[in-house]
Amino acid sequence: MGKTKRSCIFNNELAKKYSFIKKHLDCLSDVNCQKCHSTFSIGHGGVNDIEKHLKSNKHKLADYAAST
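Residues numbered from 1 in each chain as written. Predicted model: local features only at pLDDT ≥ 70, side-chain atom pairs only at ≥ 80, totals over all residues. Heavy atoms only, no water.

Please set out the pairing of strand 2 (residues 30-33) residue by residue, giving values where relevant.
Taking every second residue as pointing to the same face, the buried face of strand 2 carries Val 31 and Cys 33, while none of Asp 30 and Asn 32 on the other face is buried. Here strand 1 (residues 21-23) hands over to strand 2 after six residues, the two strands then running antiparallel side by side. Bridge analysis of strand 2 against strand 3 (residues 38-41) gives four bridges, and the strand direction is antiparallel. Pairing of Cys 33 across the sheet is with Ser 38, part of strand 3. (Buried < 20%, exposed > 50% of the residue type's maximum accessible area, 1.4 Å probe, protein only. Helix = DSSP H or I, 4+ residues; strand = E, 2+ residues; numbered from the N terminus. Pairing = 2+ DSSP bridges.)

Could you give me a rundown of the pairing of strand 3, with the residues and numbers involved?
Burial along strand 3 is one-sided: Ser 38 and Phe 40 are buried, while Thr 39 and Ser 41, pointing the other way, are not. Joining the antiparallel neighbours strand 2 and strand 3 is a turn of four residues, in which His 37 adopts a positive phi near 60°.

Account for the environment of Leu 14, naming residues and giving values.
Locating Leu 14 in the fold gives a position in helix 1 (residues 12-17). Given the relative accessible area of 8%, Leu 14 is considered buried. With 35 residues separating them in the primary sequence, Leu 14 and Asp 49 have C-alpha atoms 12 Å apart. With residues up to four places along the chain from it excluded, the contact list for Leu 14 reads Ile 9, Ile 42, Val 47 and Ile 50. (Contact = heavy atoms within 4.5 Å.)

Describe the sheet that holds strand 1, and please don't skip the residues or the numbers.
Pairing is antiparallel in the open sheet, where three strands are placed in the order 1-2-3. Looking at strand neighbours, the two that pair on one side only are strand 1 and strand 3, the edges of this open sheet. Here the strands of the sheet are splayed against their neighbours by 35° on average, with no regard to which way each runs. Here strand 1 pairs with strand 2 via three bridges, running antiparallel. Residue pairing across strands places Ile 21 opposite Cys 33, the latter belonging to strand 2. Where helix 2 (residues 47-54) meets the sheet, it contacts strand 2 and strand 3, and its direction lies at approximately 145° from that of strand 3. (Axes fitted to C-alpha atoms, helices over the stretch in contact; angles between N-to-C directions.)

What follows is the structure in structure tokens.
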């Protein structure tokens, strides 16, 4: 038998660790980055999806622009 797929959702633990990431209104597995105004899914990778986003060029540029 195969593994049952389980969708990751944004929870209070993730909200504390990543305060600039907010829940998307329509879908529990979609989130909005307040720094770079991106919407992305954490449905399959959870924290790994957020960490991958933090390494993206769009997020890095927005983070740099906010700090200057």
